Amino acid sequence: MDDIAKRSIEIIAKAKNIPTDTIHLDTTFEELNIDSLDKINISFEVEEAFSIEIPDEALGSLKTVGDVVNGVKQLVEAKAAAGSAPAATS
Amino acid sequence: MRIASVGTAYPPHRYSQPVIAEALRGRWEHKMEEPRLLTRLFANCGVDFRHTVFPLENYPALDTFEKTNNAWIKAAVDLGQQAICRALDHAEISPEDIGAIFFASVTGISSPTVDARLINRLPFSVNVKRTPIFGLGCVAGAAGISRASDYVRAFPDQYALLLSVELCSLTWQDDDQSIANLISCGLFGDGAAAVVIAGSETPFAKRNKGPRVLATRSTFYRNTERVMGWDIVNTGFRIVLSPDVPKVVEENLLGNVEGFLADNNLTRDDISTYIFHSGGPKVLEAMQKSLGLPADALAPSWKSLREVGNLSAASVLAVLEDYLKVHPGKPGTYSILAAMGPAFCSELVLLQW
């Protein structure tokens, strides 16, 4: 398991006060009893941990822990790509 | 007795959800530890657009209950009149044909009530019977159809009119940044709906148009007073909205529906469509899950939620209008119209097309 997956699972485990080894990539939010408010609070923690900004409307499509990990990876990669792009000339 | 028609009416101002979110965030962010909570909650409550009685910039000036309630009275009468005229036009009847008016709202109060003020505007009979209903909240759309149907069951040669006007934007509370209030302000919209119920011996019913109301069922859930409702405070109506609402729905709806159908010698297999109140994503998901419905079974309810938000009592009537116009059932098929609301309680209406 890569670092993004490990860190994401730690955040979810802390938010729900459950052991990390009970959470896997295919674990659903329903199984973890994570409601929409939990999702929002987790999203704030994830944003801080990875220095990313999650679009407000993105949370509705997240159903599993793997969805979170994939979403974070995409945002981290997009941020890295934006950071390495040549500066625009003015 | 039959549902003869539905007419809906919406205020002129319509905004996308992000625009409403930004407006309220601008008003409240100095009072919030994490203002992004508001925009993120708003973005995830299944609502794309809502109508409001006033332009968003006018709301900060409505800073007392007196101001909001007076605004509610004026706007409720105007919007109610539009909804009634549309419903009467669809049914091809006149105000003087109406024997009884049931008026439901939970977003403002007045005496004389809004229905009385409308009798001064439209040529209803001076002998029309009035039943204003306050406090049923979201369940009042379904319950109103039930009570109006009870009336025409007793007086089969008459028409009854149900009017629901809900101006939820006038209940926004500036000094409440609780999760419940943020969800409520993100979910509820403004709108009105009127329904004409035709007694079985009326000219309309004799034309065999519109779904028949076969039976109704009210179910009260004891000791659930804090699941949903209002606390009445100096500034108006402060929302009571428990996170347990979906759980209460899941625990009760299936039993209510199966018991109701069994008493009418039917089963869930006999029901072709479910016309459900657009309570919110969690409530609609709980309804689907409870009854084991496929994902698209409540599509018109989800659509109404996206397009106008939760209109409280008027929502299920707006969904009913959509069924009458766009998705009417095949002759002989059955539908259940349902809503739940403060008490907590449910109201089920068995229809046959």
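Everything here concerns the structure above.
Residues numbered from 1 in each chain as written. Chains lettered and ligands numbered in written order. Predicted model: local features only at pLDDT ≥ 70, side-chain atom pairs only at ≥ 80, totals over all residues. Heavy atoms only, no water.

Peer 1: Please clarify how the pairing of strand E5 (residues 129-134) of chain B should be interpreted in this entry.
Peer 2: Residues in a regular strand project their side chains so that they alternate between the two faces of the sheet. Residue and element names in this part refer to chain B. The sheet contact formed by strand E4 (residues 98-105) and E5 spans six bridges and is parallel. Within E5, the residue paired with Phe102 across the bridge is Thr131. A crossover links E4 with its parallel partner E5, the connecting element being helix H4 (residues 114-119), and its sense is right-handed. (Pairing = 2+ DSSP bridges. Helix = DSSP H or I, 4+ residues; strand = E, 2+ residues; numbered from the N terminus. Right-handed = clockwise from strand over helix to strand, strands pointing away.)

Peer 1: Teacher, can you tell me more about the pattern of salt bridges here?
Peer 2: Where side chains of opposite charge bring their charged atoms close, a pairing between them can arise. Residue and element names in this part refer to chain B. In total, this model carries 26 salt bridges over all chains according to the counting rule given. With a shortest N-O distance of 2.8 Å, Asp63 and Lys67 are connected by a salt bridge. Close ionic contact of Arg207 with Glu92 constitutes a salt bridge, the shortest N to O distance being 3.8 Å. Here Glu92 lies in the loop between helix H3 (65-91) and E4 and Arg207 lies in the loop between helix H7 (203-206) and strand E8 (212-220), a separation of 115 residues in the sequence. Exposure remark for Arg207: the relative accessible area of 41% places this residue in the partly exposed category. Exposure remark for Glu92: the relative accessible area of 63% places this residue in the exposed category. (Salt bridge = Lys/Arg side-chain N within 4 Å of Asp/Glu carboxyl O. Buried < 20%, exposed > 50% of the residue type's maximum accessible area, 1.4 Å probe, protein only.)

Peer 1: Could you clarify how one ought to interpret the packing of aromatic side chains in this entry?
Peer 2: All names here are of chain B. Tallied over the entire structure, the rule returns nine aromatic pairs over all chains. Centroid distance Phe134 to Phe237: 6.0 Å. Interplanar angle 35°. Geometry classified as tilted. One end of the pair, Phe134, is in strand E5; the other, Phe237, is in strand E10 (residues 236-241), and 103 residues separate them in sequence. Assessed through its relative accessible area of 44%, Phe134 is described here as partly exposed. Seen from their ring centres, Trp230 and Phe237 are 5.3 Å apart, and the 20° between their planes marks the pair as stacked. Note on Trp230: relative accessible area 22%, which makes it partly exposed. Residue classification places Phe237 among the buried residues on the basis of a relative accessible area of 4%. An aromatic cluster of three or more residues is present, and its members are Phe65, Phe134, Trp230 and Phe237. The ring of Phe49 carries the charged tip of Arg14 above its face, separated from the ring centre by 4.1 Å. For the cation-ring pair, Lys129 lies above Phe155, with the distance from its terminal atom to the ring centre recorded as 4.1 Å. (Phe/Tyr/Trp six-rings, centres within 6.5 Å; stacked < 30°, edge-to-face > 60°. Lys NZ or Arg CZ within 6 Å of the ring centre and 35° of its normal.)

Peer 1: Would you take a moment to explain the side chain of Glu321 of chain B for this structure?
Peer 2: Residue and element names in this part refer to chain B. Mapping Glu321 onto the fold places it in helix H11 (residues 313-325). Classification of Glu321 by relative accessible area gives buried; the value is 11%. If sequence neighbours within four positions are ignored, Glu321 has contacts with Val6, Gly7 and Thr8. (Contact = heavy atoms within 4.5 Å.)

On their own, these measurements won't tell you what the molecule is for.
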